[in-house]
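Residue-level structural notes
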Amino acid sequence: MLNNQDLSRCNTFGLPCVAQTLFRFEQVSQLPTLSAAIKEYAQHRVLGGGSNVITHPDLAGLTIHVANKGIRLLCEHDNFWLVEASAGEVWHDFVAYTLEQGWYGLENLALIPGTVGAAPVQNIGAYGLELEQRVHSVLAWNLLEGELYEFSAEECEFSYRDSMFKRAKPGTWLIIAVRFRLPRQWQPLLQYPDLRDHASLQHAPTAQAVFEAVCEVRRTKLPDPAQVGNAGSFFKNPVVQAEQYAVLRTQHPNVVAYAQADGRYKLAAGWLIDQAGWKGREAGAVAMHPRQALVMTNCGGAVLEDVLNLAQQIQNDVQQKFGVQLEQEPVLYA
Ligand code: EPU
């Protein structure tokens, strides 16, 4: 246990943050001790790569930093490789490693910041692939009961940027590893326009070519958190009923939306924010990114209040202009 640890560099938004007590989780043998220890604290939370969080300046109680490592091939089935990665592995490095081994299928999720353990919590997704399509199971320690569970993909109750881990009472689950089912009969996923139209992917592209194209597209559109503090998309793309979409289309014929399997429509929040006039606009020490209005960035020295104020202003403006409620994507750690 370490006291008064500065975590300003452990959240990609770069918000000032000090953890009263920090526990570094590195191996499974620490888990029983950890579950006993949390009883002494009024509150506790689990921190991975800090890439989908906004933080209060003082984190009271215990903060558990996930740092266990390891990647292994569990077995080779006729149809898929079963690969396990420890929660503390860096997501992008893990994706790159799987490709080096010839285990394809995660390339569309290249360059997403954060750790393997955080990936199932918000069911990361990009460029036509969501994590749930590749998850076999998730190994998670129930911190309150002191028990280890293995959840099948179905039991994780994944949906768009959501899972039962995200909905559970905060501090219940410590994900320790994720098991992936990677197809041996690999097919490129190129339906997303940025990939479909990419010059390097026109003729029988390899998984490595898809990986490189995804990295290039992301580098063009999205700010690198190592250079400009941010937590990725700041809002979810809102899903509305067909009737509401029909009304919106009459009023705003250019509205960007994707039909969902259940008949509803997912609206591009970036478009809504852009049209509400916030693209590239600053407020306090934060701004909405000039190339992707959905990403809030730290202009330098931002504090939590700046972030919450801008988020509120944008929610108000989008609600007023389009009648749509935007839901914040990153988790608030208080
Ligand atoms: N758009 C604008 N103005 C903007 C931004 C977007 O008009 O400033 C419109 C464009 O017409 C574009 C459409 O919105 O065609 C969608 O934009 P984009 O393709 O950039 O994707 P997105 O819906 O904004 C989502 C994910 C990203 C993911 C990309 C690619 C969410 C909340 N965000 O963004 O995920 O990388 O698709 O698949 O679902 C993240 O979660 O942190 C993240 C970056």
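Residues numbered from 1 in each chain as written. Predicted model: local features only at pLDDT ≥ 70, side-chain atom pairs only at ≥ 80, totals over all residues. Heavy atoms only, no water.

1. Considering the sheet that holds strand E14 (residues 239-240)
Sheet architecture is open: three strands sit in the order E14-E16-E15, paired in antiparallel fashion. Each edge of the sheet is formed by a strand with only one pairing partner; in this case those strands are E14 and strand E15 (257-259). The pairing of E14 with strand E16 (residues 265-267) spans two bridges and is classified as antiparallel. Bridging from a neighbouring strand, Val239 pairs with Lys266 of E16. Of the strands in this sheet, E14, E15 and E16 are in contact with helix H6 (residues 242-251), which crosses E16 at around 50 degrees. (Pairing = 2+ DSSP bridges. Helix = DSSP H or I, 4+ residues; strand = E, 2+ residues; numbered from the N terminus. Contact = heavy atoms within 4.5 Å. Axes fitted to C-alpha atoms, helices over the stretch in contact; angles between N-to-C directions.)

2. Considerations on the site of the ligand
Surveying the vicinity of the ligand reveals 21 residues, the closest of which are Tyr127, Tyr160, Arg161, Tyr192 and Ser233. For the ligand, an oxygen atom lies 2.8 Å from a polar atom in the side chain of Arg161. Measuring from a nitrogen atom of the ligand, one finds a side-chain N or O atom of Asp274 at 2.8 Å. Here the ligand has 820 Å² of accessible area as a free molecule, and 82% of this is covered by the chains. (Near = heavy atom within 4 Å. Polar contact = N/O pair within 3.5 Å; in protein donor to acceptor, adjacent residues only side chain to side chain. Areas by Shrake-Rupley, 256 points an atom, 1.4 Å probe, with all protein chains shown as cover.)

3. Brief notes about the environment of Gly102
When you line up the elements, Gly102 lands in the loop between helix H2 (91-101) and strand E8 (125-126). Through-space distance from the C-alpha of Gly102 to that of Gln208 is 9.6 Å; in sequence the pair is 106 residues apart.

4. Quick look at the packing of aromatic side chains
For the structure shown, the criterion picks out 14 aromatic pairs. Centre to centre, the rings of Phe165 and Trp173 are 6.2 Å apart; their planes meet at 90 degrees, and the pair counts as edge-to-face. A single burial state applies to Phe165 and to Trp173, both of which are buried. A connected cluster of aromatic rings, assembled from ring pairs, spans Tyr149, Phe151, Phe165 and Trp173. (Phe/Tyr/Trp six-rings, centres within 6.5 Å; stacked < 30°, edge-to-face > 60°. Buried < 20%, exposed > 50% of the residue type's maximum accessible area, 1.4 Å probe, protein only.)

5. Quick notes on unusual backbone geometry
Its identity is not glycine, yet Tyr127 carries a phi of approximately 50 degrees, on the positive side. As for its position among the elements, Tyr127 is in the loop between E8 and strand E9 (129-130). With a phi angle near 50 degrees, Arg161 is a residue other than glycine that sits in the positive phi range.

6. Description of the pattern of salt bridges
Scanning the entire structure with this criterion turns up 13 salt bridges. One salt bridge in this structure joins Arg72 and Glu84, with 3.3 Å as the shortest N-O distance. Linking Arg72 in strand E6 (residues 71-76) with Glu84 in strand E7 (residues 80-86), this pair joins segments that are 12 residues apart in sequence. By relative accessible area, which is 10% here, Glu84 ends up buried. Of the charged contacts, one joins Asp194 and Lys221 as a salt bridge, the two residues approaching to 3.0 Å between their closest N and O atoms. (Salt bridge = Lys/Arg side-chain N within 4 Å of Asp/Glu carboxyl O.)

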